[in-house]
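Architecture and fold: a report
What follows is the residue order along each chain.
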Amino acid sequence: MCATCGCSADAGVRVTMLERSRAGTGSSDHEHDHGHDHGNHGHDHGDHGHDHDHGHDHGGHEHAHGPTTTVVSLEVDLLAKNDELAQRNRSWLAEHDVVALNLMSSPGAGKTTLLERTIRDLGAELPCSVLEGDQETLLDAERIGATGARVVQINTGAGCHLDADMVADGLRVLAPEQGSLLFVENVGNLVCPALFDLGEGARVVIMSVTEGADKPLKYPHMFRTADLMLVNKIDLLPYVDFDVTRCVEYARRAKPDVPVIEVSATRGDGLSTWYDWLRARVGAS
Amino acid sequence: MHELSITQSVVTAITQRMGDVPVRRVRLEIGRLSGLVPDSVRFCFELVTAGTSCEGALLEIDEPAGRAHCRTCDADFDTTEVLPLCDCGSADVATLGGTELRIKEVEVTETCVPPADVRPTPGSG
């Protein structure tokens, strides 16, 4: 592991299909030709002892060094590569009539609990599958697998977010069935996932009432791209100081008119409205 | 630390387009409202360029300021906020600038044969 930033040369991204829901890996009947080369992801920190000469004097504009140079205008979007892969995911999902939702929140907002409950309540009506994103462990995939849904765990290692490339790998292994609902549970993080399009049909940001109501203002990049905000754990409202009205007002400063559903994934409040929203997404696809 | 993977993709994009030609300078545009921290990109750049044709390249980052337009009173104004409020009190504000995230240009040694889709301009080396 790189001692400076914590990134690791060998603990790259791992995609794991849970045995109970589907044996083996990669029996996908579709051909994503993503062609990405994972070999290069683990940029070689091995001999990278941070002994660079920080004093390199490129800034001095000394014109004596070697051959003349050419300035080439590129004008490439920094996120172009991810966006291109996301677009491929989106096309594949559309061809297979799969509605994909990117679920994002801080850690502990209740994403996995909400998914367990949703799949148990809705699975018979709407086939569901899940891509689970976490830095480490298969714990969440095991919880989802226990509901009977197909699930693939994506462990990002040092990574703090899912990107379109990881989702493409996950899709290849998961092979969600035609006409199904795909939940992509992003790594719990309100910052980094915001910038990465995964090819999803909609973004759902989940807050819980044990957090601060001002989070939409503090993490505007996340909330400004939300297609839906869920406020979870409302069964705890009597015990916490959380102003739902203020939170919704802040969320709508980030994203005017964003729909908000108050839910309790454990007690069941508001879930019928959430399921109606999901049915509408599937119906509209 | 999403800057790490984004900086990695910058270097990949440059090496894919420019081949093995040594890159002397890279100029990026990272708007002040873009959600990317330039200092983190500088830090990551040194890490991810090691062993690539961008190793040792000078990294220049332009940081365009945030610019916004109020839909309520029609005023244009500078802002440092991702969710700006207009002086008139309105939050119905469109962001006009500051969200840029682009690789503007690279400076390479002259032996390079630029790909067909890029425009060479006179060198400053």
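Residues and elements named next belong to chain A. With five of five residues buried, strand β6 (residues 181-185) lies mostly within the body of the structure. In β6, alternate side chains face the same way, and those of L181, F183 and E185 on one face and L182 and V184 on the other are all buried. Bridge analysis of strand β3 (residues 99-105) against β6 gives five bridges, and the strand direction is parallel. Within β6, the residue paired with V99 across the bridge is L181.

Attention now moves to the pattern of salt bridges. Per the stated rule, a full pass over the model turns up 27 salt bridges over all chains. Residue D214 of chain A is joined to K218 of chain A by a salt bridge in which the shortest nitrogen-to-oxygen separation is 3.6 Å. Assessed through its relative accessible area of 27%, D214 of chain A is described here as partly exposed. Notably, a salt bridge pairs R27 of chain B with E105 of chain B, separated by 3.3 Å at the nearest N-O pair. Placement of the pair is R27 of chain B in strand β1 (residues 23-30) and E105 of chain B in strand β6 (residues 101-109), with a sequence separation of 78 residues. Given a relative accessible area of 17%, E105 of chain B falls into the buried group. Ionic contacts of the salt-bridge type, sharing partners, join the residues R25, R27, E60, D62, E105 and E107 of chain B into one network.

A separate point is the packing of aromatic side chains. Residue and element names in this part refer to chain A. Counted by the stated rule, this structure contains two aromatic pairs over all chains. Plain terms: the ring middles of F183 and W274 are 6.5 Å apart, the flat faces sit at 40° to each other, and that makes the pair tilted. Taken together, the residues F183 in strand β6 and W274 in helix α8 (residues 271-284) connect sequence positions 91 residues apart. Classification of F183 by relative accessible area gives buried; the value is 0%. Its relative accessible area of 0% is what places W274 among the buried residues.

Moving on to the sheet that holds strand β3 (residues 66-70) of chain B. All names here are of chain B. Here three strands make up an open sheet; going across it, the order is β4-β3-β5 and the pairing antiparallel. Looking at which strands have only one partner, the edges of the open sheet turn out to be β4 (76-79) and β5 (93-97). On average, adjacent strands in this sheet sit at an angle of 35° to one another, irrespective of strand direction. Bridge analysis of β3 against β5 gives four bridges, and the strand direction is antiparallel. Among the inter-strand pairings, A68 is bridged to a residue of β5, identified as T95.

We now examine the sheet that holds strand β5 (residues 150-155) of chain A. All names here are of chain A. If you walk across this open sheet you meet the eight strands as β1-β5-β4-β6-β3-β7-β8-β9, and the pairing is mixed. Only two strands of the sheet have a single neighbouring strand rather than two, namely β1 (14-17) and β9 (260-262). For this sheet the average axis-to-axis angle between neighbouring strands, irrespective of direction, equals 20°. As paired elements, strand β7 (residues 202-208) and strand β8 (residues 228-232) share five bridges and run parallel to each other. The partner of M207 across the bridge, within β8, is V231.

The buried fraction of β6 of chain B is high, at eight of nine residues. One ladder, built from seven bridges, connects strand β2 (residues 69-77) of chain A with β6 of chain B; its direction is antiparallel. Directly across from T70 of chain A, in β6 of chain B, lies its bridge partner V108 of chain B. Two strands pair when backbone bridges link them, and β1 of chain B and β6 of chain B are joined in this way by seven bridges, in the antiparallel orientation. What sits directly across from R27 of chain B, in β6 of chain B, is E105 of chain B.

Turning our attention to helix α7 (residues 244-254) of chain A. Residue and element names in this part refer to chain A. Within the span of α7, buried status applies to V244, C247, V248, Y250, A251 and A254. For α7, the angular spread of the buried residues around the axis is 160°, confining them to a single face. Next to the buried residues of α7 lie β7, α5 (215-218), α6 (220-223), β8 and β9.

Attention shifts here to the nonpolar core. The nonpolar side chains of a soluble globular protein tend to be buried, and buried together. The biggest cluster of nonpolar side chains holds 33 residues, and the ones touching the most others in it are L78 of chain A together with I14, V26, L28, I103 and V106 of chain B. Among the elements of the structure, β2 of chain A together with α1 (2-18), β1, α2 (38-49), β2 (58-62) and β6 of chain B are those that each provide at least two residues to this core. The greatest single-element share of this core, amounting to seven residues, is contributed by α1 of chain B. Excluding its chain neighbours within four sequence positions, the residues that come into contact with L78 of chain A are I6, S9, V10, L28, I30, L36, L101, R102 and I103 of chain B. Grouped together as the second largest cluster of nonpolar side chains are 32 residues, L103, I206, W277 and V282 of chain A included.

What follows covers the side chain of S90 of chain B. Residue and element names in this part refer to chain B. The residue S90 is located in the loop between β4 and β5 in this model. Within the structure, the side chain of S90 is placed 2.7 Å from the side chain of T72, a separation counted as a polar contact. What S90 contacts, discounting residues up to four positions off in sequence, is C70, T72 and L85.

So, on to α2 of chain B. Its 12 residues give α2 of chain B an end-to-end C-alpha distance of 16 Å, which sits within 8% of 16 Å, the value for a rise of 1.5 Å per residue. Within α2 of chain B, burial applies to P38, S40, V41, C44, F45, L47, V48 and T49 of chain B.

Residues and elements named next belong to chain B. Look at α1 against α2: their axes get within 9 Å of each other, and the N-to-C directions meet at 55°. One element, α1, and the other, α2, form an angle in the oblique class. When you trace α1 past α2, the crossing you get is right-handed. When α1 is examined against α2, the residues E3, L4, T7, Q8 and V11 are found in contact with a partner set consisting of S40, V41, C44, F45, V48 and T49. Its residues assigned to classes, the contact of α1 with α2 shows six nonpolar, four polar and one charged.

Conventions adopted
- Residues numbered from 1 in each chain as written.
- Chains lettered and ligands numbered in written order.
- Predicted model: local features only at pLDDT ≥ 70, side-chain atom pairs only at ≥ 80, totals over all residues.
- Heavy atoms only, no water.
- Buried < 20%, exposed > 50% of the residue type's maximum accessible area, 1.4 Å probe, protein only.
- Helix = DSSP H or I, 4+ residues; strand = E, 2+ residues; numbered from the N terminus.
- Pairing = 2+ DSSP bridges.
- Salt bridge = Lys/Arg side-chain N within 4 Å of Asp/Glu carboxyl O.
- Phe/Tyr/Trp six-rings, centres within 6.5 Å; stacked < 30°, edge-to-face > 60°.
- Axes fitted to C-alpha atoms, helices over the stretch in contact; angles between N-to-C directions.
- Arc of directions from axis to C-beta.
- Contact = heavy atoms within 4.5 Å.
- Core = buried A, V, L, I, M, F, W, Y, C linked by side-chain atoms within 4.5 Å.
- Polar contact = N/O pair within 3.5 Å; in protein donor to acceptor, adjacent residues only side chain to side chain.
- Expected span 1.5 Å × (residues − 1).
- Parallel < 35°, antiparallel > 145°, perpendicular 65-115°, else oblique.
- Left-handed = near helix turned anticlockwise from the far one by under 90°.
- Nonpolar A, V, L, I, M, F, W, Y, C, P; charged D, E, K, R; others polar.

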